[in-house]
Amino acid sequence: MLVCTLGDLLLDVIVRAPGPLAPGADTPVEARVSTGGQAANVASWVMALGEQARFVGKRADDAAAELARSLLAERGVEVAGPSVAGSTGVVVAFVAPDGERSMATDRGVAPELRADELEGAWLADPIGGAALAAADRAREEGARVSVDLSSWSTIREYGPERFRARLEQLAPDLVFANEPEWELVGGAYGLAEAAVVKRGSRGVAVIGANGSEEHAPLGAEVVDTTGAGDALAAGFLVGGIELGLEAAARCVAQMGAVPV
């Protein structure tokens, strides 16, 4: 199976502090730089779980983009998409002692991907306007389409009703969302065959035609929750909810959003 992801390839800077930062002074922390962006993270986890992955997205032509591309390629992910002048996005994730993270995001050129920049071959052999075009082309190749609603702050800024209308146009087969995202769009089930609602430490709800199934998280020492939802999505796509929960537990037990 080949899973094709469409979205951002960024650099993640993960900062884990033992306590509050000292204003105007230094605070010893643990830091890590790796690839980031939800689509890139899902592709990384798909590879780690034993399937093939292709990332499609717009990249800058700077040194940061080359670093991000090479790190993703080292994981075995095929990287496709246009490269243009500009700057690569960076996500700074601040991880609290309990593992919960807050993110400051600069997406760089990634959101500028246009429908006319897509090539059909990137979306062949399963995997704004670019997402709609990608979904149409993927379906032409017999692929199924899933969408992650990330993130609630972006949905609120874009407008929940306007966002839901775009989602209806996209007509995904599967929707991933956390609880705030799910609530903002009024519950996206009905637009897709199934939905996976991520509830953090309370587990996951899988909603389908036969109702909702609740799944508790697997036990794991929580180090860093960054990327747990991406790992869950990758596992679900590859092997269903059981593998999704295993991947999420593996992710929170380490530092960073990609498998180590």
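For the structure itself, consult the block above.
Just so it is clear, the structure is predicted and the values come from calculations on it, not from any experiment. (Residues numbered from 1 in each chain as written. Predicted model: local features only at pLDDT ≥ 70, side-chain atom pairs only at ≥ 80, totals over all residues. Heavy atoms only, no water.)

1. Brief notes about unusual backbone geometry
And step 1. With an omega of -5°, the peptide bond between S150 and S151 qualifies as cis.
And step 2. Structurally, the position occupied by S151 is in the loop between β10 (146-148) and α5 (152-158).
And step 3. The phi dihedral of A171 is positive, around 50°, even though this residue is not glycine.
And step 4. Relative to the assigned elements, A171 resides in the loop between α6 (160-170) and β11 (174-178). (Helix = DSSP H or I, 4+ residues; strand = E, 2+ residues; numbered from the N terminus.)

2. What about the packing of aromatic side chains?
And step 1. Counting across every chain of the model gives 2 aromatic pairs.
And step 2. Relative to F163, the ring of Y158 lies with its centre 6.3 Å away and its plane at 85°, an arrangement referred to as edge-to-face.
And step 3. Among the residues examined, Y158 registers a relative accessible area of 29% and is labelled partly exposed.
And step 4. Relative to F236, the ring of F176 has its centre 5.8 Å away and its plane inclined at 90°; by these criteria the two rings are edge-to-face. Residue F176 is located in strand β11, and its partner F236 is located in helix α8 (residues 228-239); the two are separated by 60 residues in the primary sequence. The two residues F176 and F236 agree in class, both being buried. (Phe/Tyr/Trp six-rings, centres within 6.5 Å; stacked < 30°, edge-to-face > 60°. Buried < 20%, exposed > 50% of the residue type's maximum accessible area, 1.4 Å probe, protein only.)

3. A look at empty space enclosed by the protein
And step 1. Looking at the largest cavity, its volume works out to about 50 Å³.
And step 2. As for the largest cavity, its lining consists of L9, L10, K58, R59, A60, A65, A68, T88, G89, R107, V109 and A110.
And step 3. Every element with two or more residues in the lining of the largest cavity is listed here: β5 (59-60), α2 (63-74) and β8 (88-95).
And step 4. Grouping the amino acids of the lining of the largest cavity by side-chain chemistry returns 7 nonpolar, 2 polar and 3 charged. (1 Å grid on protein atoms, 1.4 Å probe; cavity = no way out; pocket = protein on both sides within 12 Å on 5 of 7 lines; lining within 4 Å. Points joined across faces, edges and corners; volume = space filled by probe spheres on them. Nonpolar A, V, L, I, M, F, W, Y, C, P; charged D, E, K, R; others polar.)

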